[in-house]
Amino acid sequence: MNCPIYKKCGGCQLRNLSYEEQLSLKQSKIIKLIGRYCHVDEIIGMENPYNYRNKVQAAFGMTRGGKIISGVYQSKSHRIVCVDECRLEDKKADEIIVTIRNMMKHYRMLPYNEDTGVGFLRHVLVKRGFTSGEIMVVLVTGTSVFPCKNDFIKELLRLHPEITTIVQNINNKFTSMVLGEKETVIYGNGYIEDVLCGKRFRISPKSFYQINPVQTEVLYGKAVEFALLTGKEKVIDAYCGIGTIGIVASDKAGEVIGCELNADAVADARVNAKINGVENIKFFCADAGEFMLGMKEAGEKCDVLFMDPPRAGSDKRFLSSAVSLSPDRIVYISCNPETQQRDLFYLTKNGYKVKKIQPVDMFPFTNHVETVVLLSRDFSNS
Ligand code: SAH
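Everything in this summary refers to the structure shown in the same document. In this text, all values refer to a predicted model and were calculated from it rather than measured experimentally.

A few points about the site of the ligand
- In the neighbourhood of the ligand, 16 residues make up the surrounding shell, with Tyr220, Glu260, Asp287, Ala288 and Asp308 lying closest.
- Alanine 288 is positioned with one of its backbone polar atoms (N or O) 2.9 Å from a nitrogen atom of the ligand.
- For the shell around the ligand, the class distribution of residues is 9 nonpolar, 4 polar and 3 charged.

What follows is the structure, given as structure tokens:
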């Protein structure tokens, strides 16, 4: 893939490989890491592995010559590489970011300088619902005072009438986190909705939502298929985010309990259950391990556990409470096979057997790979 900034950006680690070669590299990686537990099904790739990212984030800064730039941080540094377009990102999102960058001079809007704390615009985050077409623009600013706000927003909407909501997020801390705590909705309702696996989902600026919706449908489809639901099961969706997996599985389950640490995501999850008319699901804001321990102590049971932890994987507390709750099946979705390998080691030492492994390519041209693993309780030793 040709890209004028690939060296500085560093985001496409596999750009030198054809898409076929990328897939076989990822397949071998999974076989090497967890193939000893079970046969690895063939990785599911994308038909069109470009422009798949529905969420685009750009940092704003200024060159020594005083030119405003926006883009990504050069790998392992804090220097911004200016990006006009990226083959992996949604085209419309890239266009909006360039428009904002070009508008800044006229409105005398300065990029925020992280060293001095002077300036205004720090990052722009664009999220787009691929199915719904809704677009959210989040302007992350170093101060809450927004000079020429009304004119700026009016002009941005004139140039991009497809934007459905604009949010100002204030981040005045010395931090590498993009979003700050405080948010003000400037235009629209402050969130977007998207459709996934036939269900509608509300997505807030801070909530996690899978960045490749085309492959997410494939991933969730496999996860639900692996769970072998018959309509009676009590299901836990641990690390549930805005409730996507649990809501998609709810039609086939008796009862679903979602658990998530981020309060904004839990609020979205509750709304999502309502919009979809799902009545057999409940969401709790808590550490997933602690929550399941509580369930165990209360004498509750669980038939199927979906777990979809962040890159760091699960912790011992989670894994030991999962084992003590003793679901018949665990469907482990992971975006990091290294931590998944570690967690599978624990689960297979504690009464579970790996039955299926399905890699899905959610992140073409990067070296990331997602896997769905089915584990069943192993009765052979009991
Ligand atoms: N299943 C969801 C989200 C997966 S991302 C989806 O597919 O969209 C992982 C989620 O785990 C994030 O929403 C994050 O906020 C949450 N999380 C991180 N640590 C957690 C913990 N200790 N307990 C519960 N949730 C946690």
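Quick notes on the pattern of salt bridges
- Per the counting criterion, the structure on display carries 18 salt bridges.
- Aspartate 90 is paired through a salt bridge with arginine 128; the nearest N and O atoms lie 2.7 Å apart. Of this pair, aspartate 90 sits in the loop between strand E3 (80-82) and helix H3 (91-104) while arginine 128 sits in strand E4 (residues 121-128), and the two are 38 residues apart along the sequence.
- On the basis of relative accessible area, aspartate 90 is assigned to the buried category, the value being 6%.
- Lysine 222 serves as the salt-bridge partner of glutamate 225, at 3.4 Å between the closest nitrogen and oxygen. Of the two residues, glutamate 225 and lysine 222 are both situated in helix H5 (residues 213-227); the distance of 3 residues between them amounts to about one turn of the helix.
- What you see here is one network of salt bridges that share partners, running through Lys92, Glu95 and Glu162.

Some remarks on the side chain of aspartate 194
- Residue position: aspartate 194 is located in strand E8 (residues 192-196).
- The buried charged residue aspartate 194 lacks any salt bridge partner; its closest oppositely charged side chain belongs to arginine 200, at an N-O distance of 7.4 Å.
- Setting aside its immediate chain neighbours within four residues, aspartate 194 contacts Gly129, Phe130, Thr131, Ser132, Lys199, Arg200, Phe201, Ile203 and Tyr209.

A short note on the nonpolar core
- Ranked by internal contacts, the top residues of the largest apolar core, which has 84 residues, are Leu305, Phe306, Phe318, Val331 and Leu375.
- A per-element tally of this core places H5 first, with 6 residues.
- In contact with phenylalanine 318, other than residues within four places in its own chain, are Ala238, Tyr239, Ala288, Gly289, Met292, Leu305 and Met307.
- By size, the runner-up hydrophobic cluster in this structure holds 26 residues, among which are Ala58, Phe120, Ile135 and Ile166.

Some points on the sheet that holds strand E10 (residues 234-238)
- Read from one edge to the other, the open sheet built from 7 strands follows the order E12-E11-E10-E13-E14-E16-E15, with strand pairing classed as mixed. The sheet is open, and its two edges are formed by strand E12 (281-285) and strand E15 (352-360), each paired on a single side. Along the sheet, successive strands turn relative to each other by an average axial angle of 15°, direction set aside.
- By the bridge criterion, 5 bridges tie E10 to strand E11 (residues 255-260) in an arrangement that is parallel. Bridge assignment links lysine 234 to a residue of E11, and that residue is glutamate 255.
- Strands in contact with helix H9 (residues 316-325) are E10, strand E13 (304-307) and E15; relative to E13, the strand with the most contacts, it is inclined by about 165°.

Cut-offs used in this document
- Residues numbered from 1 in each chain as written.
- Predicted model: local features only at pLDDT ≥ 70, side-chain atom pairs only at ≥ 80, totals over all residues.
- Heavy atoms only, no water.
- Near = heavy atom within 4 Å.
- Polar contact = N/O pair within 3.5 Å; in protein donor to acceptor, adjacent residues only side chain to side chain.
- Nonpolar A, V, L, I, M, F, W, Y, C, P; charged D, E, K, R; others polar.
- Salt bridge = Lys/Arg side-chain N within 4 Å of Asp/Glu carboxyl O.
- Helix = DSSP H or I, 4+ residues; strand = E, 2+ residues; numbered from the N terminus.
- Buried < 20%, exposed > 50% of the residue type's maximum accessible area, 1.4 Å probe, protein only.
- Lys, Arg positive; Asp, Glu negative; His and termini not counted.
- Contact = heavy atoms within 4.5 Å.
- Core = buried A, V, L, I, M, F, W, Y, C linked by side-chain atoms within 4.5 Å.
- Pairing = 2+ DSSP bridges.
- Axes fitted to C-alpha atoms, helices over the stretch in contact; angles between N-to-C directions.

None of the figures reported here should be taken as evidence of function without further support.
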